[in-house]
Amino acid sequence: MNFKAILAILLCKLLRLLSRLLHRGGTAMPGRYALKLCPDLLARLSKNVRSVVITGTNGKTSSSRIVEQAFVEQGRSYFANRSGANLLSGITTEFVMNCTLGGKMKKEWAVIECDEAAAVKVFPQLQPQVVVVTNLFRDQLDRFGEVTHTLSNIRTAIEAVPQAALCLNADCSLCSSLALSLPNRVVYFGMEKGAVPSRAKPELSDATHCIRCKTEYEYDYISYGHLGGFRCPKCGYARHAADYAVTDVIEQRSSGTTAAFSICGERRVVEINLPALYNVYNAVGALAAAMESGVGADEAVRALASFQCGFGRMEAFRLGKADVRMMLVKNPAGCNQVIDYLENLHNRFVLAICLNDRGADGTDISWIWDAEFERLNSIAGRIEKVIVSGDRAQDMRVRLKYAGIPDENITVERDYEKLVSSLEPLQTDVCLMPTYTAMLELRSVMIRHCGGAEFWE
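Structural notes, computed from the coordinates. (Residues numbered from 1 in each chain as written. Predicted model: local features only at pLDDT ≥ 70, side-chain atom pairs only at ≥ 80, totals over all residues. Heavy atoms only, no water.)

Considerations on the sheet that holds strand S11 (residues 266–272)
Now for step 1: In spatial order, the strands read S2-S3-S1-S4-S5-S6-S9-S10-S11; together these nine strands make up an open sheet with mixed pairing. The strands lining the two open edges of the sheet, one partner per strand, are strand S2 (78–80) and S11. Between one strand axis and the next, the sheet turns by 20° as a mean value, whatever way the strands run.
Now for step 2: Bridging between S2 and strand S3 (residues 109–113) involves three bridges; their strand directions are parallel. (Pairing = 2+ DSSP bridges. Helix = DSSP H or I, 4+ residues; strand = E, 2+ residues; numbered from the N terminus. Axes fitted to C-alpha atoms, helices over the stretch in contact; angles between N-to-C directions.)

Structural data, given as structure tokens:
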């Protein structure tokens, strides 16, 4: 390490210490200043660390937690950016906090969640052994642009790491197309026909036409969004057979899922410590990543049942006598999957939706008009009341009104402390649907009332 690199490491560690003394996260800011001193600091630190990197639109945090748990089950020496700081600065901070002042890394492996747009800068420096692309959906149009632009960013990033094994979602025509132009070894994960009831057509598709010849796709089955058994009737581009496949979703509960997996041809019944269909995708993708990095099948399967969910991602709290589930929403596809989860709940519940439009959320909130809030009418008898909150609470109120929710059944409460206090006396379930920055603020209030770890812990 040269003098600038050592100085950057020292500065980063001091800034992190100061941030924690002030009870702030210090997850990205220290790395940002360190990179000003030494722009290639991550490349220097990562030379002797093997890594698994998870990118894509939805599921990065939950998938990373499963891979982490698989490493724990195997007894691997590793660290991870658990705080969700997934830009170059946050990832650099995490590497610095796991090295000595001289730049020697203390752990052998890293599990890294990486923002899709940041991958172009991160991958060349990190040089990972395994890359997972979870899925690609329209998300934060003000920042990412069209989904094909995100795909192009990820393709460019992977071009810099030809040695990395790719774990691609076979059911996503966008993800799968990466294999058409890249030399990397590829394995696929996905959901087989019959694993879940197929939809007649995509309820919301971000990939209606073939990425090669622009002909409209035909589907043998659809799981959700544009995911499923796609095929192009003109050029033949179609879903690839999955090496790691979900063959049956046996039982979906409010707290977890039982499913049958085919793992490189071997059938196993697995328990997944999270509910909802999209988490089954996260589970099979993370299992593929863990095994492609050398974790055994037994350890990887155990991890699915024992991992702890990421903050705000189906995170459970006990507030007084109320069971609370916090479910991050940030785009139409993910929001629709949360609505799927709500439709499958049997108990009555209070629903709180918190909508912000800050930089980390995406300033364009037009996506709420593409999400299928109309489906809440089918379970209106089980929703005791609806609360809207956040910077754009009134916009959310209008959206729900147009979805058919009577205005008199909607309460506006912008103060998170008052919102949580109003929920505490309840003896019924509570479902919280916040966007990212709303989730961080609401979660801080929740842990003051319920206890729990800060988001960076």
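Describing the nonpolar core
Now for step 1: In terms of nonpolar packing, the biggest core is built from 132 residues, with Phe95, Phe261, Leu342 and Phe373 touching the most fellow members.
Now for step 2: For this core, the element with the most residues is helix H10 (residues 277–292), which contributes 12 residues.
Now for step 3: Apart from residues lying up to four places away in sequence, Phe95 is in contact with Leu42, Leu45, Ser46, Val49, Phe79, Met105, Ala110, Ile112 and Leu126. (Core = buried A, V, L, I, M, F, W, Y, C linked by side-chain atoms within 4.5 Å. Buried < 20%, exposed > 50% of the residue type's maximum accessible area, 1.4 Å probe, protein only. Contact = heavy atoms within 4.5 Å.)

Details of the packing of helix H2 (residues 29–37) against helix H5 (residues 88–96)
Now for step 1: Running from amino to carboxyl end, H2 crosses H5 at an angle of 90°, the nearest separation of the two axes being 7 Å. As judged from the angle between their axes, H2 and H5 are roughly perpendicular. Residues Pro30, Gly31, Arg32 and Leu35 of H2 form the contact with H5, whose participating residues are Leu88, Ser89, Thr92 and Thr93.
Now for step 2: When its residues are assigned to classes, the contact of H2 with H5 shows three nonpolar, four polar and one charged. (Parallel < 35°, antiparallel > 145°, perpendicular 65-115°, else oblique. Nonpolar A, V, L, I, M, F, W, Y, C, P; charged D, E, K, R; others polar.)

Some points on the side chain of Thr134
Now for step 1: One can find Thr134 in the loop between strand S4 (130–133) and helix H7 (141–144).
Now for step 2: Exposure remark for Thr134: the relative accessible area of 5% places this residue in the buried category.
Now for step 3: Within the local environment of Thr134, its side chain forms a polar contact with the backbone oxygen of Asn58, the two atoms lying 2.8 Å apart.
Now for step 4: Setting aside anything within four residues of it in sequence, one finds Thr134 in contact with Ile54, Thr55, Gly56, Thr57, Asn58, Gly59, Ser63, Asn169, Cys175 and Phe189. (Polar contact = N/O pair within 3.5 Å; in protein donor to acceptor, adjacent residues only side chain to side chain.)

Section: the environment of Arg443
Now for step 1: Structurally, Arg443 is set in helix H15 (residues 436–450).
Now for step 2: What makes Arg443 buried here is its relative accessible area of 6%.
Now for step 3: Along the sequence, Arg443 and Val430 sit 13 residues apart, while their C-alpha atoms lie 14 Å from each other.

Things to note about a nonpolar patch on the surface
Now for step 1: A cluster of nonpolar side chains, contributed by Phe3, Leu7, Leu10, Leu14, Leu37 and Leu101, occupies part of the molecular surface with about 560 Å² of accessible area.
Now for step 2: With four residues, helix H1 (residues 3–21) is the largest single contributor of residues to the nonpolar patch.
Now for step 3: Mapping Leu7 onto the fold places it in helix H1.
Now for step 4: Using a relative accessible area of 36% as the deciding quantity, one classes Leu7 as partly exposed. (Patch = residues over 30% accessible without salt bridge, like charges linked within 9 Å, V, L, I, M, F, W, Y side chains within 5 Å. Areas by Shrake-Rupley, 256 points an atom, 1.4 Å probe, with all protein chains shown as cover. Salt bridge = Lys/Arg side-chain N within 4 Å of Asp/Glu carboxyl O.)

Quick notes on the environment of Asn98
Now for step 1: Mapped onto the elements, Asn98 comes out in the loop between H5 and S3.
Now for step 2: Those residues in contact with Asn98 that sit more than four places away from it in its chain are Phe79, Lys104, Met105, Lys106 and Lys107.
Now for step 3: From its side chain, Asn98 meets the backbone oxygen of Glu94 in a polar contact 2.8 Å long.

A look at the packing of H1 against H2
The packing of two helices is summarised by the inter-axis angle and the distance between the axes.
Now for step 1: For the pair H1 and H2, interaxial distance at closest approach is 8 Å and the crossing angle is 160°. The angle between the axes of H1 and H2 places the two elements in the roughly antiparallel class. Crossing geometry of H1 relative to H2 is assigned as right-handed. Touching Lys4, Leu7, Ala8, Leu11, Cys12, Leu15, Arg16 and Ser19 of H1 are Met29, Pro30, Gly31, Tyr33, Ala34 and Leu37, all from H2.
Now for step 2: Residues of the contact of H1 with H2, tallied by class, amount to 10 nonpolar, two polar and two charged. (Left-handed = near helix turned anticlockwise from the far one by under 90°.)

A look at unusual backbone geometry
Now for step 1: Here Ala276, not a glycine, exhibits a phi torsion of approximately 85°, which is positive.
Now for step 2: Inspection of the secondary structure assignment puts Ala276 in the loop between S11 and H10.
Now for step 3: Positive phi values are uncommon outside glycine, yet Met314 reaches one of about 60°.
Now for step 4: Counting through the fold element by element, Met314 comes out in strand S12 (residues 313–319).

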